[in-house]
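Residue strings, one per chain:
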Amino acid sequence: MKPAPFRYRRPGSLEEALEALAAEPGAKVLAGGQSLVPLLNMRLAAPPALVDINGLPDLDHVTVSDDGVRVGALARHADVLAHEGAREAQPLLARALSHVAHATIRNRGTTVGSIVHADAAAEMPTVLAVLDGSVTVASVRGTRTIPAAELFAGPLESTLAADEVATEAFFPARRPGEGSGFAEIARRHGDYALVGVAGVVRREGDRLAEARLGYLSVDDVPTVVDVTGLEPDAAADRALEVLEPEADIHATAAYRAQLVRVLTRRVLAAATDDAGQP
Ligand SMILES: Cc1cc2nc3c(=O)[nH]c(=O)nc-3n(C[C@H](O)[C@H](O)[C@H](O)COP(=O)(O)OP(=O)(O)OC[C@H]3O[C@@H](n4cnc5c(N)ncnc54)[C@H](O)[C@@H]3O)c2cc1C
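My aim in this report is to walk through the structure given alongside it, one point at a time. (Residues numbered from 1 in each chain as written. Predicted model: local features only at pLDDT ≥ 70, side-chain atom pairs only at ≥ 80, totals over all residues. Heavy atoms only, no water.)

A few points about the overall build of the protein chain
Okay, step 1: A tally of helices and strands in the protein chain yields 10 helices and 14 strands.
Okay, step 2: In terms of C-alpha radius of gyration, the protein chain reaches 19 Å, essentially the compact-globule figure of 19 Å for 278 residues.
Okay, step 3: Seen through its C-alpha atoms, the protein chain measures out along the principal axes to roughly 55 × 45 × 30 Å.
Okay, step 4: A burial count over the protein chain gives 50% of its 278 residues as buried. (Helix = DSSP H or I, 4+ residues; strand = E, 2+ residues; numbered from the N terminus. Rg over C-alpha atoms; globule rule 2.2 N^0.38 Å. Buried < 20%, exposed > 50% of the residue type's maximum accessible area, 1.4 Å probe, protein only.)

What follows is the structure, encoded as structure tokens:
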């Protein structure tokens, strides 16, 4: 199908983009187009205008500093995945990104776009949530930073205002004693997961002082469960108290619950192993 008619704007600066969004109520930002264009083509979205941000300068950065990794709004999934410094500073990024779609989609789709698109079946919103990262957004009113815990409002719904552009995502760096793991089950590699788990643990001496697991494809929003101090089976029980796996055409609720159990154990083991010996 073809999209409904829309006005197309391609601003050359962030200021122009913010003014265009403020002037066009209901306009949508176009980044990699890997989620938005299919929605337009299927007429599941019919915005009056698109504000294409691909002409904006200085937004394609992946910057690593002591505190973490900053990913600009025009950095593609493939840029982040290939970034050696980002992989070292926060290994969970590359672990999860290798499961995001296929190479052609990773070459166009942006990591920031994926996060603000807020699909609970996508990997990067859950990674941001489990790492306690944040997103910086700009509008004609100024800039603000939204912590991941306040970012995901519902299915495909973020707390960005309609006229806000996300300029950068921040992923905190791996801390001393930290280990992470990622696993998902999909029908084929690159498909959206039936269930996925991103885990972060932190060792203090010979005990795990912290253990957090983020789940994708089991709830309306990326969901983080604190499993500190719990053995793997108890951690899975805790996750299933919080999550409500549902049936759809891809999997029954019982199968999803079983995947939660299996992946919880697998990811906790991998993350603990990654944290190393005391
Ligand atoms: C066949 C296929 C398979 C896929 N499989 C997976 C998968 O397994 N896992 C996965 O995570 N993703 C998958 N994707 C989605 C892909 O990762 C997208 O690239 C991503 O979800 C959206 O990023 P984008 O840059 O393409 O955003 P766009 O499609 O351009 O935009 C998506 C939405 O976010 C908004 N938006 C984008 N950027 C900004 C911004 N900077 N500020 C404000 N709003 C913004 C847009 O207005 C729109 O509402 C798949 C896509 C396809 C087509």
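Description of the packing of helix H9 (residues 232–242) against helix H10 (residues 253–275)
Okay, step 1: Contact geometry of H9 with H10 gives a least axis separation of 9 Å together with a crossing angle of 135 degrees. The orientation of H9 with respect to H10, classified from their angle, is oblique. Crossing geometry of H9 relative to H10 is assigned as right-handed. On H10, the residues touching Pro232, Asp233, Ala235, Ala236, Asp237, Ala239 and Leu240 of H9 are Ala257, Val260, Arg261, Thr264, Arg265 and Leu268.
Okay, step 2: Taken together, the residues that form the contact of H9 with H10 break down as 8 nonpolar, 1 polar and 4 charged. (Axes fitted to C-alpha atoms, helices over the stretch in contact; angles between N-to-C directions. Parallel < 35°, antiparallel > 145°, perpendicular 65-115°, else oblique. Left-handed = near helix turned anticlockwise from the far one by under 90°. Contact = heavy atoms within 4.5 Å. Nonpolar A, V, L, I, M, F, W, Y, C, P; charged D, E, K, R; others polar.)

Structural notes on the layout of surface pockets
Okay, step 1: Of the voids in this model, the largest pocket is the one considered here, and its volume is about 1,300 Å³.
Okay, step 2: Forming the walls of the largest pocket are 46 residues, and the residues nearest its centre are Ser35, Leu36, Gly113, Val116 and His117.
Okay, step 3: Listing elements by their share of the lining of the largest pocket, those giving two or more residues are strand S2 (28–30), helix H2 (36–41), helix H7 (111–117), strand S9 (157–158) and strand S10 (165–172).
Okay, step 4: By residue number, the principal contributor to the lining of the largest pocket is H7, which donates 5 residues.
Okay, step 5: The residue inventory of the lining of the largest pocket, partitioned by class, reads 25 nonpolar, 15 polar and 6 charged.
Okay, step 6: Size it by volume and the second largest pocket reaches roughly 650 Å³.
Okay, step 7: Taken together, 21 residues line the second largest pocket, and the ones lying closest to its centre are Asp119, Ala121, Ser217, Asp248 and Arg256.
Okay, step 8: For the lining of the second largest pocket, the class distribution of residues is 10 nonpolar, 2 polar and 9 charged. (1 Å grid on protein atoms, 1.4 Å probe; cavity = no way out; pocket = protein on both sides within 12 Å on 5 of 7 lines; lining within 4 Å. Points joined across faces, edges and corners; volume = space filled by probe spheres on them.)

Some words on the site of the ligand
Okay, step 1: Near the ligand there are 31 residues, and of these Val29, Gly33, Gln34, Leu36 and Thr110 occur at the shortest range.
Okay, step 2: For the ligand, an oxygen atom lies 2.8 Å from a polar atom in the backbone of Gly32.
Okay, step 3: Interatomic distance of 2.6 Å between a side-chain N/O atom of Thr110 and an oxygen atom of the ligand.
Okay, step 4: At a threshold of 2 Å from the grid points, most atoms of the ligand map onto the largest pocket.
Okay, step 5: Every element with two or more residues in the shell around the ligand is listed here: S2, H7 and S10.
Okay, step 6: With 4 residues, H7 is the single largest residue contributor to the shell around the ligand.
Okay, step 7: Classifying every residue of the shell around the ligand gives 15 nonpolar, 12 polar and 4 charged. (Near = heavy atom within 4 Å. Polar contact = N/O pair within 3.5 Å; in protein donor to acceptor, adjacent residues only side chain to side chain. Sits in = over half its atoms within 2 Å of the grid points.)

A closer look at the environment of Ala45
Okay, step 1: Counting through the fold element by element, Ala45 comes out in the loop between H2 and strand S3 (49–52).
Okay, step 2: Sequence separation of Ala45 and Pro3 is 42 residues, and the distance between their C-alpha atoms is 8.4 Å.
Okay, step 3: Not counting residues within four places of it along the chain, the set of residues in contact with Ala45 comprises Leu39 and Leu40.

Focus on the sheet that holds strand S7 (residues 142–147)
Okay, step 1: With antiparallel pairing, the 5 strands of this open sheet are ordered in space as S4-S5-S10-S6-S7. Strands with a single pairing partner mark the edges of an open sheet, and in this sheet they are strand S4 (62–65) and S7. The sheet shows a mean angle of 20 degrees between the axes of neighbouring strands, taken without regard to direction.
Okay, step 2: By the bridge criterion, 6 bridges tie strand S6 (residues 134–139) to S7 in an arrangement that is antiparallel. Residue pairing across strands places Ser139 opposite Gly142, the latter belonging to S7.
Okay, step 3: Contacting S6 and S10, helix H1 (residues 14–23) crosses the sheet at an angle of about 120 degrees to S10.
Okay, step 4: Set on the sheet, helix H8 (residues 123–131) makes contact with S6 and S10; between it and S10 the angle comes to about 55 degrees. (Pairing = 2+ DSSP bridges.)

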